[in-house]
Amino acid sequence: MPRTLFAIVVTAALLGAACSSGGSDDTSADSDNAATPDSAERGECDPIDPAACLLPWPNDRFTRPDPATDTGLRVDLPAEGTPANANGVAIAVDEWNRNDGFSPAAIGVTVVPEVDVEASQLPPVTDIGRSLDEDSTLVLFDVDAGERVPAWAELDSAATDPERTPLLIQPATALVEGHRHVVALRDLKRSDGTPIDPVADYEAALDDPDAQTAEIIDGLSDAGLDADEMTTAWSFTVSSSTSLSGRLRHMWDETESELGDGAPDFVVDSAEDVGPARVVSGSFDMPNYLTGDGSTGSVLNNEGDPDGIPERNGSMTADFTCTVPVAATGSEPVPTVLYGHGLLGSRSEVLDIGTVGAGAGVAFCALDWIGMSAADVPTVIEALGELTAFRTLPDRLQQGHLAWLMLGRLLASDSGFATDPAFQDETGTGVIDHDRLAFLGASQGGILGGAPSALTSDWTQTILAVPGIGYNLLLPRSIDFDEFAPLFEQNYADPLDRTIAREMMEMLWDRGENAGWAQHITSDTYDGATAKNVLLLEAFGDHQVANVSTEKLARTLGVPIRTPALADGRSTATEPFFGIDAIPELPYAGSGLIVWDFGTPAPPTANIPPREGEDPHGKLSDVPEALGLVVSFIGPDGQIIDVCDGGPCQTLP
């Protein structure tokens, strides 16, 4: 969306929020309160961190036993403990309490007054490996796997009150689905070097342990730690795959079963030759799993199901735009790239890259990404004012992912687009190569694109350009949030509340972004889906999608990096790209991370956006070598090639 238009919309929303008379419990986003526990059964605050009810976060104190779930737990957030907006309306917990655990992208949050990160020798983002040292003052331990998880610690830069400044525990990879984890802090110090005493309520819990405290003690013991020597510690369980992805998997299973070997019904509204490309526009039918007509503001039609599995609610249409090389013939069919657009954009973004692609003999097809497209801007604004409404975004995103899966089927099936003259040559032969499909998501498309890629067998090559994982990690580090921040801050004025709110948002966002899907893209695939080769493209110093998030995605996917990734001295890290193996040799027929350096200064180490130098976020689209890299990756051999003459990939001023 153009920045000027977006600014106008946000300004109008701010004025509206200032005049608001308060929220209402009767909203579309709060329509399915059935099958959640009564308020008397809900969880209680954890006394070991009095700064806020929901601290420390995430926390199994905020769950209850439920043998019907894969983890044996059900999230049970305290009804009175969630952040309230400026009108005093707390976030309703009903949708969150459907989960059977916390986000695989969860950030640990606690308040330790007066703690100094450097004096405490907590591992910084520039030395993630320190967290795995035996004497690390931060330990994040996967109890079920029996191993430490690399992480770094930082204070929230947005905080203004030292007594309420969140200490953030940032895992360097997504946390394994369904696994229980323990967070422990020890030997913490103030800036003058004096030690910080253990948390009094933590010590009291150790003196008279209940079942939950006993689990913490046992988890610490498994990690080789003595609970009595910790400053504080807590445990939590990550949501299961069923809880994270079960809704969309059900939607696709039903849809794919109905399609069989066929394709959805579609219509072509126009086909016009523009230079080397034939621009084809039309629509196709798909099942509607949303309430009402499925338009912005709707939610999944799942009111009666405790796990949120939706029922079909008729049908709806999805509009597509494709660019097909005019010179393509049936005797030499062309590969096709499904192109996922950027932040709150539209399918029209495909026209520029599609024209370039047509000249290189590649077709492109795109959709509006339902849930986070231009049409959803009013809903985003509403949700930032009262976060109970936030579930509309991930709910509609899942309907959007279904549309991408169906678009892939239209391109892969003989009974799809190949049956229309717009996708045929003069002899009536289809010009799309059904066996050479790839997905390319850029920016927002690179953050969302893991979901459809994890579920399909219609493409095997996925390109995620300037991508990331976990909006809770991304938002404070992105200049894109500058235009959202005034509204968010007006409605949730306390920085600590905003930190907790982002964590709650991520628990639902998981269902629609890479965080909920990355563990099943390159391995451990879902039934009926093929493992993908994934090409990640990082712009060093990116102002919009933080490099730490791209690299966290690479670790989660197990994607190796092309080396040398950067010239000596460019990274501020002790061990650049910690935990990411090197690609053994090029050409390479597999997955890979490519870092491109445009001369932008290294990103800051705090959780703030990079602002120095020119933003390299969108520059890769103008680099011919990068286009060559993509063309090779989607080519017959599917290889990552060396386009940088053996040195770092650079386009310097």
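Residues numbered from 1 in each chain as written. Predicted model: local features only at pLDDT ≥ 70, side-chain atom pairs only at ≥ 80, totals over all residues. Heavy atoms only, no water.

Participant: Please clarify how the side chain of D49 should be interpreted in this entry.
Facilitator: Looking at where D49 falls in the secondary structure, it is placed in the loop between helix 1 (3-18) and strand 1 (63-65). Although D49 lies buried, it forms no salt bridge, and the closest oppositely charged side chain, R164, sits 7.8 Å away as judged by the N-O distance. Ignoring anything within four residues of it in the chain, the contact list for D49 reads L55, P56, T110 and V111. (Helix = DSSP H or I, 4+ residues; strand = E, 2+ residues; numbered from the N terminus. Buried < 20%, exposed > 50% of the residue type's maximum accessible area, 1.4 Å probe, protein only. Lys, Arg positive; Asp, Glu negative; His and termini not counted. Salt bridge = Lys/Arg side-chain N within 4 Å of Asp/Glu carboxyl O. Contact = heavy atoms within 4.5 Å.)

Participant: What's the story with the state of the cysteines in this structure? I'm lost.
Facilitator: Cysteine pairs can be linked by a disulfide, which is a covalent bond between their two sulfur atoms. Under the defined criterion, the tally for this structure stands at 3 disulfides. Two residues share a disulfide in this structure: C45 and C53, whose sulfurs sit 2.0 Å from each other. Judged by the torsion about the S-S bond (-95°), the C45/C53 disulfide is left-handed. One disulfide bridge connects C644 with C649, the sulfur atoms lying 2.0 Å from each other. The sign of the 105° torsion about the S-S bond sets the C644-C649 disulfide as right-handed. Each member of the pair C644 and C649 is classed as buried. Sequential numbering of the bridged cysteines in the protein chain gives the disulfide pattern 1-2, 3-4, 5-6. (Disulfide = S-S within 2.5 Å.)

Participant: How should the sheet that holds strand 12 (residues 315-325) be read in this particular structure?
Facilitator: By definition, the strands of a sheet pair up through backbone hydrogen bonds, in either a parallel or an antiparallel sense. Strand order in the open sheet formed by 10 strands is 10-11-12-14-13-15-16-17-18-19, and the pairing between neighbours is mixed. At either end of the open sheet lies a strand with only one pairing partner, and these are strand 10 (266-274) and strand 19 (649-650). Relative to strand 18 (residues 592-597), strand 17 (residues 533-539) runs parallel, the two being bridged by 5 bridges. Across the sheet, the residue bridging to L537 is I594, located in strand 18. Packing of helix 13 (residues 547-557) onto the sheet brings it into contact with strand 16 (461-465), strand 17 and strand 18, and relative to strand 17 it is tilted by some 160°. Across the sheet, helix 14 (residues 624-633) touches strand 16, strand 17 and strand 18, and the angle it forms with strand 17 is around 170°. (Pairing = 2+ DSSP bridges. Axes fitted to C-alpha atoms, helices over the stretch in contact; angles between N-to-C directions.)

Participant: What am I meant to see in the side chain of H401 here?
Facilitator: For H401, the location among the structural elements is in helix 7 (residues 392-412). With sequence-adjacent residues up to four places away left out, H401 is seen in contact with L248, W369, L448, A451, P452 and G512.

Participant: I keep staring at the sheet that holds strand 5 (residues 147-148) and nothing clicks. Help me out?
Facilitator: Taking strand neighbours across the sheet as the criterion, the 4 strands line up as 5-4-8-9 in an open arrangement whose pairing is antiparallel. Only two strands of the sheet have a single partner each, and these edge strands are strand 5 and strand 9 (232-237). Here strand 4 (residues 138-142) pairs with strand 5 via 2 bridges, running antiparallel. Its bridge partner lying in strand 5, F141 is registered against R148. Where helix 3 (residues 211-222) meets the sheet, it contacts strand 4, strand 8 (180-185) and strand 9, and its direction lies at approximately 100° from that of strand 9.

Participant: Please clarify how a nonpolar patch on the surface should be interpreted in this entry.
Facilitator: A surface patch of nonpolar side chains, amounting to about 200 Å² of accessible area, comprises V356, L627 and V631. Structurally, V631 can be placed in helix 14. Classification of V631 as partly exposed rests on a relative accessible area of 31%. (Patch = residues over 30% accessible without salt bridge, like charges linked within 9 Å, V, L, I, M, F, W, Y side chains within 5 Å. Areas by Shrake-Rupley, 256 points an atom, 1.4 Å probe, with all protein chains shown as cover.)

Participant: Looking at this structure, how should I read the packing of aromatic side chains?
Facilitator: By convention here, two paired aromatic rings are described through the distance between centres and the angle between planes. All chains considered together, the criterion is met by 14 aromatic pairs. Ring geometry for W369 against F439: centres 6.0 Å apart, planes inclined by 80°, an arrangement best described as edge-to-face. Taken together, the residues span a long stretch of sequence, with W369 in the loop between strand 14 (363-367) and helix 6 (377-385) and F439 in strand 15 (residues 432-442) at a distance of 70 residues. The burial state of W369 is the same as that of F439; both residues are buried. Considering the side-chain rings of Y471 and W509, the 4.0 Å spacing of their centres and the 15° angle between planes classify their relative orientation as stacked. (Phe/Tyr/Trp six-rings, centres within 6.5 Å; stacked < 30°, edge-to-face > 60°.)

Participant: Any chance you could explain the confidence of the model for the protein chain here in plain terms?
Facilitator: When pLDDT drops low, the exact placement of atoms in the prediction is not to be read closely. Confidence in the prediction of the protein chain, expressed as mean pLDDT, is 93, and 94% of residues score 70 or more. In the model, residues 1-42 has pLDDT below 50 throughout and makes 70 contacts with residues more than four positions away in sequence or in other chains. (pLDDT = per-residue confidence, 0-100.)

Participant: Would you take a moment to explain the layout of surface pockets for this structure?
Facilitator: In this model, the largest pocket occupies a volume close to 1,000 Å³. Every residue lining the largest pocket is counted, 40 residues in all, and those nearest its centre are Y339, E349, A442, G618 and S621. Elements supplying a minimum of two residues to the lining of the largest pocket: helix 1, helix 5 (350-359), strand 15 and helix 14. Counting residues per element, the lining of the largest pocket draws most heavily on helix 14, at 5 residues. Within the lining of the largest pocket, the residues separate by chemical class into 25 nonpolar, 9 polar and 6 charged. Size it by volume and the second largest pocket reaches roughly 440 Å³. Considering the residues around the second largest pocket, the lining is formed by 31 residues, among which V125, V548, E551, A573 and P603 are closest to the centre. (1 Å grid on protein atoms, 1.4 Å probe; cavity = no way out; pocket = protein on both sides within 12 Å on 5 of 7 lines; lining within 4 Å. Points joined across faces, edges and corners; volume = space filled by probe spheres on them. Nonpolar A, V, L, I, M, F, W, Y, C, P; charged D, E, K, R; others polar.)

Participant: Just checking my understanding: could you explain the pattern of salt bridges for this structure?
Facilitator: Once their charged atoms are close, side chains differing in charge can pair, the charge on each being opposite to the other. As enumerated under the stated definition, the model contains 23 salt bridges in all. Measuring nitrogen to oxygen at the nearest pair gives 3.0 Å for the salt bridge that ties E258 to R312. You can see E258 sitting in helix 4 (residues 241-259) and its partner R312 sitting in the loop between strand 11 (277-287) and strand 12, a full 54 residues away along the chain. As a salt-bridge pair, R347 and D368 come within 2.8 Å of each other at their nearest N and O atoms. With R347 in the loop between strand 13 (334-340) and helix 5 and D368 in the loop between strand 14 and helix 6, the pair connects residues that are 21 residues apart, well separated along the chain. Overall, the relative accessible area of 22% leaves R347 in the partly exposed class. Classification of D368 as partly exposed rests on a relative accessible area of 26%. One connected set of salt bridges, linked through shared partners, spans E95, R98, R247, R391, D395 and R511.

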